[in-house]
Amino acid sequence: MQFTPHGIKTNSGMQLRWKKHSGLSLSNLHMTIGYNRNATISIGDGVRFLVLKHRRVKHQASYMGFYILQGQGLSNTTHGVLGQLYHRTVNVNIRSKKNVNVQLGTKALMTTSGRKVKVKARIRRDDHLKKKVPCWEVRNDGKGLLDGVLQDYKRPCLLCFG
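Notes on the structure in this doc start here. Remember, predicted model here, so these are calculated numbers, not experimental data.

## Comments concerning the overall build of the chain
A tally of regular secondary structure across the chain gives 1 helix and 12 strands. In sequence order, the secondary structure elements of the chain are arranged as β-β-β-β-β-β-β-β-α-β-β-β-β. Working note: accessible area of the chain is about 11400 Å², and carbon and sulfur atoms make up 52% of it.

Spelled out as structure tokens, the structure:
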């Protein structure tokens, strides 16, 4: 499945629109599209994801958010972005030893599985929780944080493995 701010396209070519509440079931995969901005995807009994269409004002482009609602069904051998971040320990080491409290703009180094990337403390709106939350911003689309390149993570379908 391909999610964009304009709609959802399945591998079979079916086009689904955000403006229409609908659902789709394929084998053990179930998806529900909520009115105008979200899709919930369930795989089996232990894995649920949320895809949110984030709208931006003024001249900023809309974008898609991906959230893990339930990950108990993801094994320790899960690959890709989920496998690299869901079950692994992530450490953040603040560069400046002067200030122990993390404040907006604080620079740090994020480390996971021997990889290190520069991060900065930010506040962002969590549309799922409907409130502002602190986060660590990773620049350059996370380059250096994940194994491989973008093409390594593209799959022909949600249930295709290998």
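## Here we look at the nonpolar core
Counting residues in hydrophobic clusters, the biggest one holds 10 residues: Ile8, Leu16, Trp18, Leu24, Leu29, Met31, Ile33, Ala39, Ile41 and Val51. Breaking this core down by element, the ones donating at least two residues are β5 (29-34) and β6 (38-43). Top contributing element to this core by residue count: β5, with 3 residues. If we skip the residues at most four places from it in the chain, isoleucine 8 touches Gln2, Phe3, Met14, Gln15, Leu16, Trp18, Met31, Ile33 and Ala39.

## Thoughts on the sheet that holds β5
With antiparallel pairing, the 5 strands of this open sheet are ordered in space as β4-β5-β6-β7-β8. Every interior strand has two partners, whereas the edge strands, β4 (22-26) and β8 (63-70), have only one. The average undirected angle you get between the axes of adjacent strands in this sheet is 15 degrees.

## Here's the deal with the pattern of salt bridges
Where charged atoms from two side chains of opposite charge come close, those side chains can pair. Scanning the entire structure with this criterion turns up 1 salt bridge. A salt bridge links arginine 122 to glutamate 137; the nearest nitrogen and oxygen atoms lie 3.3 Å apart. Here the residue arginine 122 occupies a position in strand β11 (residues 115-126), and glutamate 137 occupies one in strand β12 (residues 131-138), the gap between them amounting to 15 residues. For arginine 122, a relative accessible area of 26% gives the class partly exposed.

## Comments concerning the side chain of lysine 53
Structurally, lysine 53 can be placed in strand β7 (residues 47-54). The contact partners of lysine 53, leaving out residues within four places of it in the chain, are Pro5, Trp18, Asn36, Arg37, Tyr63 and Met64.

## A look at the sheet that holds strand β1 (residues 2-4)
Taken together, the 3 strands give an open sheet; going across it, the order is β1-β2-β3, and neighbouring strands pair in antiparallel fashion. Every interior strand has two partners, whereas the edge strands, β1 and β3 (15-16), have only one.

## Side note on the environment of aspartate 126
Among the structural elements, aspartate 126 can be located in strand β11. The spatial distance from the C-alpha of aspartate 126 to the C-alpha of histidine 54 is 9.8 Å, given a sequence separation of 72 residues. Those residues in contact with aspartate 126 that sit more than four places away from it in its chain are Tyr67, Lys131 and Val133.

Conventions used here
Residues numbered from 1 in each chain as written. Predicted model: local features only at pLDDT ≥ 70, side-chain atom pairs only at ≥ 80, totals over all residues. Heavy atoms only, no water. Helix = DSSP H or I, 4+ residues; strand = E, 2+ residues; numbered from the N terminus. Areas by Shrake-Rupley, 256 points an atom, 1.4 Å probe, with all protein chains shown as cover. Core = buried A, V, L, I, M, F, W, Y, C linked by side-chain atoms within 4.5 Å. Buried < 20%, exposed > 50% of the residue type's maximum accessible area, 1.4 Å probe, protein only. Contact = heavy atoms within 4.5 Å. Pairing = 2+ DSSP bridges. Axes fitted to C-alpha atoms, helices over the stretch in contact; angles between N-to-C directions. Salt bridge = Lys/Arg side-chain N within 4 Å of Asp/Glu carboxyl O.

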